[in-house]
Amino acid sequence: MRTLLRRATVAATCLGTLAGAAVVMAPPAMAASCNTTTKTVDDRGYSGPWADNWTIKATMCSYRSGSYIYSYAKLSWDVPSSYPNPTPRTFDAAKFRVALKKSVSGATDPVRAHRDFGLEGRMESGDGSYTTPTFRHAISRYALGDGAWKLNWNNDGDGYVNYKVTASPRV
């Protein structure tokens with residue numbers, strides 16, 4: 001009986017040591033790689049005497065875990081100082097598109113998946129910032145996150161105007 005108890009104790013100790021080694025040897029979580037773009041854009045639906053330029057900023061971030069790429073955007077904007085708060089009806093629609101692309105050397109990176117995040121209410125209420133939810137897609141080898149502001153200015157008759165941003169570094 002004593003030998004059986006000793007074997008069980010040794011087995012439990014070895015198993016605990018191996019499990020501990022697996023935790024210690026696990027790779028650390030990868031930090032996101034990011035690029036930031038800042039642009040000044042004109043309110044295309046307003047032609048009056050007051051300042052109407054918006055400053056829009058997007059930081060595209062991506063990281064990889066296994067065969068998945070994860071990407072998100074940190075967005076901010078400054079309402080023109082001449083606008084009342086909340087702003088008047090400036091947009092017919094506003095959104096930001098996050099696109100996950102396979103990185104292809106020497107060619108245009110093909111979009112594997114994309115998702116739009118609505119911003120019209122946030123931008124018109126003067127919130128000033130928003131971080132999109134993290135979006136993931138399975139892409140083997142190298143990939144990157146890209147994005148674009150898609151703003152449909154009120155009273156300009158042009159539909160969506162795209163303002164591209166710098167893609168994240170490839171991961």
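Cut-off values and rules
Residues numbered from 1 in each chain as written. Predicted model: local features only at pLDDT ≥ 70, side-chain atom pairs only at ≥ 80, totals over all residues. Heavy atoms only, no water. Phe/Tyr/Trp six-rings, centres within 6.5 Å; stacked < 30°, edge-to-face > 60°. Helix = DSSP H or I, 4+ residues; strand = E, 2+ residues; numbered from the N terminus. Buried < 20%, exposed > 50% of the residue type's maximum accessible area, 1.4 Å probe, protein only. Lys NZ or Arg CZ within 6 Å of the ring centre and 35° of its normal. Disulfide = S-S within 2.5 Å.

Q: Got a minute to help me understand the packing of aromatic side chains in this structure?
A: Two aromatic rings, taken as a pair, are described by how far apart their centres are and by the angle between their planes. Tallied over the full model, the rule gives seven aromatic pairs. Taking 6.3 Å as the distance between ring centres and 65° as the angle between the ring planes, the aromatic pair formed by tryptophan 54 and tryptophan 153 counts as edge-to-face. With tryptophan 54 in strand E2 (residues 53-65) and tryptophan 153 in strand E8 (residues 143-153), this pair connects stretches of sequence that are 99 residues apart. Ring geometry for phenylalanine 96 against tryptophan 149: centres 5.5 Å apart, planes inclined by 85°, an arrangement best described as edge-to-face. Within this pair, whereas phenylalanine 96 is found in strand E4 (residues 91-102), its partner tryptophan 149 is found in strand E8, the two being separated by 53 residues in sequence. Look at phenylalanine 96 and you get buried, because its relative accessible area is 0%. A connected cluster of aromatic rings, assembled from ring pairs, spans Trp54, Phe91 and Trp153. The ring of tyrosine 142 is capped by arginine 170, whose NZ or CZ atom sits 3.7 Å from the centre of that ring.

Q: Got a minute to help me understand the state of the cysteines in this structure?
A: Throughout the structure, instances matching the rule amount to one disulfide. Note on cysteine connectivity: cysteine 34 is disulfide-linked to cysteine 61, with sulfurs 2.1 Å apart. Residues cysteine 34 and cysteine 61 are joined by a disulfide whose S-S torsion is about 115°; by sign, that bridge is right-handed. Placement of the pair is cysteine 34 in strand E1 (residues 33-42) and cysteine 61 in strand E2, with a sequence separation of 27 residues. Among the residues examined, cysteine 34 registers a relative accessible area of 33% and is labelled partly exposed.

Interpretation note: all reported values are geometric properties and have no functional meaning in isolation.
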